[in-house]
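Summary of structural features
Here's the letter readout for the chains.
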Amino acid sequence: MGSKRVYSICAMCTGRCPIVVDVEDNEVEHIWGNPYLLGGYNLCPRGAAGKTLLNDSERPKTPLIRDGERGSGKWRSVSWDEALDYVADNLKKVIDNYGAKSVVLSDRGGAITEFEKAFIAAIGSPNYFNHHATCSNSIHNAHLSVAGLARNGVTYDYKNAKYLVSFGRNLLESLVTGEAKNVIDMIENGGKLVQVDVRWNYTAAKADRFFMINPGTDYALALALIHVIIRDSLYDVDFVQRWTVGFDELSNFVKPYTPEFAEKETGISAADIVKLAHDVGNAKPSVIFHLGWMTAWYSNDFYLRRAICSLNALLGTYEAKGGLIINKGPGSLGKPLKSLLSQIPKSNEPRFDGCGTKYPHLSGQWGLAQELASVLLTDEPYPVRAYIAFRHDPLASLPDPDYIRSAYKKLDLLVSIDINFSETGWFSDVILPEDTYLERTDHVIARNGSKPGYILRQAAVQRRFDTRPRSWIFKELANRLGVGQYFPYNNIEELIAWQLDGTGYSLEDFNEKGYIDLVDKPIMWDRVDGLKFKTPSGKIEFISKKLEDVGVPSFIPYEKPIELKPGRFRLVTSKCALHTQGRTTSNNKLLNEYVSENHIYIHEDRANELGIKEGDLLEVENEGEKQHIKSKLTKYIHPDVAFMLHGFGDDVPLRTRSYGRGASDIRLQKGLAKVAIGGNCPYTECTVSIKKIK
Amino acid sequence: MGKYYIFQDQKRCIGCYACELHCKTKNNAPEGAKLCRIVPTGPQVVKGVPRMHFVFMPCFHCEKPWCVYACPTGAMIKRSKDGIVYVKEDLCIGCKNCITACPWGVPQWNSEKGKVMKCDYCMDRIDQGLQPACVTGCTTGALKFISPSEASQVKREKFAKDISPLKK
């Protein structure tokens, strides 16, 4: 182990695992999991490979200003002063001509988002949004409507769960270290994992039961489970009476959705559905129906997620041992962190993306990334002319990137702030290179959970190139736009002291373990009197008046998925343990050695019909878009499904390891950069044809 | 005498390759060199679900290491105090005899140095009272660095629990 240990937070994916970095002579010797929080030095392969990111020269090393057409790859290396002046001058022009609301900013979301949120608010724009349109928007909005809780407003008590039912959440491959470890602990303790998916994967391989469901029919399964749980009185009567509204309406609504009905739709036998309902009924309340992680699946996903939330409520899993524990923050103990954002007057302007107006039921907290393109093209509800994409790569994550790119052409200013040459960066006017997570200290964040506290990302080594931390970049931009007073610090240490003011803690308190616990024992609210659901009724709302008042029904009938035309496949994508959002990991030297391209998995019977053998180069087509990718054949995928890993088909030539490797799923997802009722892009409604390249 | 053994708990292993990545970063193994390996086998249907078996392959640190006998320069050494088989890099001439000799393909080619490198259980860590990087970093804690007799005991206990009619 090195001569210095620095506790910090990983940033190789959005899991933000707590880490400890061993450092020797300003070099990272090794990155481990934080043993105090993970029960060992365990850390997933992406986290381990973070060491390679630090000295990688295939990332932007200085600020860059475009020196040719957008996307031409011609850049001029400039000083920070020149780059920041350029950005500020062009932002001023847009603000003068169109108003502050014409500047929009996005990030990937998460907990470390104060600087960018403060910046966009400080200049007077309401238009912060994040990547969740292509991730968790539908579960976020569904959980808010049912329980008044954010998607991440609960923590899953896996270790004590007796039953974990996952609708396609690939917990052991699209993995977060602590979560995967806890799920394995649950299995070792005798807990049962039930995996429902359209393809077998390594999570299914560990499951007690695996159900290969017909694609797009998950909602029928969820409704049938509710049907049986109510019909056979398997629900938690006390919890339902005390903490829910609309039980009778829910009971009536699910009457037609018998197990026999669901069998026809899902392909899962009625007997299996009844057995599962009884199994979870007997195990209640130590049951988890996982709400989902990336839930940008179908147009009706909002209702699937509402049904999954309802299953948890019926079984009384909220605030139960082995269930869904409602997160408590430091604020609940009277020790909130001071927030930059709360010092800034809120804009009264409507949002560009229609959250709260065109889409009255959708939260503007995360916004609608997919709407920017149509707003740019139509100037409705108003013109947007400047966009700052901060550690967010919409051109590598939103469906149909050519369409998105064509809309971005209308921007007067496109800025990318990132550690990577992202696809969006490649098309932008200015790239402001950020320090990697190993080189920078961020603001303190609240650890929300049953043991509230604080945690901090801290620089482990000095920066390698002419990059800067976000705390400095946004302050410098704010200074140039005359709103520097909202960034009341000269360096990160001052900001941290300001944040912690009144809590009785200081920066030094993070040295020992990397985090601060405010309590010794987990806080569990009283299940009779103490639960706090932030809905209008203070209860779980099967029937939501708030939704219905704006014309959104609480329930919608199950509808069959859009029919699959003969010869076509439904395109399904996911991640693996070695790669996450591709632009963080695909060009990583170590991870690229393991998985340098993606493959398309199809059922061997379908492959036989098409004369396709393992390893053949295939052409995958949708609406004129063609991608080339090698085949893998399997028995354990639904015959209607073609599967590939997301995040490949890199277009940025400076990323030499991943450039041109594999196929892009998003390019095939033509026309799906649209807003489904949950605020999600309905990714999985993409269908493709597949043929062998002669 | 070989003192150590890496026990792999199949129930906990998820085939994520964290062991390999921790090994590679710890030992600065260049592209192509993998001092330990996870070899996925399967899927095969057992009790209705397709299962995987992820075989963990570090060096076995044999009592009679063929690689040591095959090495013409004395670069491949079995450490007397604990049986760790390792490469003394400055003596290695890159003849690859050890690669030929090892029945399990354990010695790896370091293309950057033109020498052989292999799993030495992270000997420098062992000497500091730590455990090999693969074991320490494993995502789910599926690997355990124990003695061969302890491994036998762990296996027996697991088997006994599995067959016991008295489930917890």
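For the structure itself, consult the block above.
Everything in this summary refers to the structure shown in the same document. (Residues numbered from 1 in each chain as written. Chains lettered and ligands numbered in written order. Predicted model: local features only at pLDDT ≥ 70, side-chain atom pairs only at ≥ 80, totals over all residues. Heavy atoms only, no water.)

What to know about the packing of helix 9 (residues 218-231) of chain A against helix 13 (residues 270-283) of chain A
All names here are of chain A.
- The contact between helix 9 and helix 13 brings their axes to 9 Å, and the two run at 60 degrees. Taken together, helix 9 and helix 13 sit at an angle that is classed as oblique. The element helix 9 and its partner helix 13 pack so that their crossing is right-handed. Contacts between helix 9 and helix 13 involve Leu221, Ala224, Leu225, Val228, Ile229 and Arg231 on the former and, on the latter, Ile273, Val274, Leu276, Ala277, His278 and Val280.
- Of the residues belonging to the contact of helix 9 with helix 13, the class tally is 10 nonpolar, one polar and one charged. (Axes fitted to C-alpha atoms, helices over the stretch in contact; angles between N-to-C directions. Helix = DSSP H or I, 4+ residues; strand = E, 2+ residues; numbered from the N terminus. Parallel < 35°, antiparallel > 145°, perpendicular 65-115°, else oblique. Left-handed = near helix turned anticlockwise from the far one by under 90°. Contact = heavy atoms within 4.5 Å. Nonpolar A, V, L, I, M, F, W, Y, C, P; charged D, E, K, R; others polar.)

A closer look at the packing of aromatic side chains
- Applying the stated criterion to the full structure yields 32 aromatic pairs over all chains.
- Between Phe390(A) and Phe474(A) the ring centres are 5.1 Å apart and the planes differ by 80 degrees, which places this aromatic pair in the edge-to-face class. Remark: Phe474(A) occurs in helix 18 (residues 470-480) and Phe390(A) occurs in strand 15 (residues 386-390); sequence separation between them is 84 residues.
- The ring centre of Trp297(A) lies 4.5 Å from the NZ or CZ of Arg305(A), which sits over that ring.
- When the ring centre of Trp109(B) is taken as origin, the NZ or CZ atom of Lys96(B), which lies over that ring, is 4.4 Å away. (Phe/Tyr/Trp six-rings, centres within 6.5 Å; stacked < 30°, edge-to-face > 60°. Lys NZ or Arg CZ within 6 Å of the ring centre and 35° of its normal.)

Let's talk about the sheet that holds strand 13 (residues 287-289) of chain A
Residue and element names in this part refer to chain A.
- Across the sheet, which stays open at both edges, the four strands sit in the order 11-10-9-13 with parallel pairing between neighbours. Looking at which strands have only one partner, the edges of the open sheet turn out to be strand 11 (209-212) and strand 13. On average, each strand axis in the sheet is inclined to that of its neighbour by 10 degrees, with strand direction left out of account.
- Bridging between strand 9 (residues 163-167) and strand 10 (residues 192-197) involves five bridges; their strand directions are parallel. Counted as the bridge partner of Val165 is Val194 from strand 10. (Pairing = 2+ DSSP bridges.)

Here's the deal with the sheet that holds strand 20 (residues 515-517) of chain A
Residues and elements named next belong to chain A.
- Strand order in the open sheet formed by three strands is 18-19-20, with antiparallel pairing between adjacent strands. Each edge of the open sheet is held by one strand with a lone partner, namely strand 18 (445-447) and strand 20. The average undirected angle you get between the axes of adjacent strands in this sheet is 25 degrees.
- Taken together, the three bridges between strand 18 and strand 19 (residues 453-455) define a ladder with antiparallel strand orientation. For Ile445, the partnering residue across the bridge sits in strand 19 and is Ile455.

Honestly, it's all geometry; don't read function into it.
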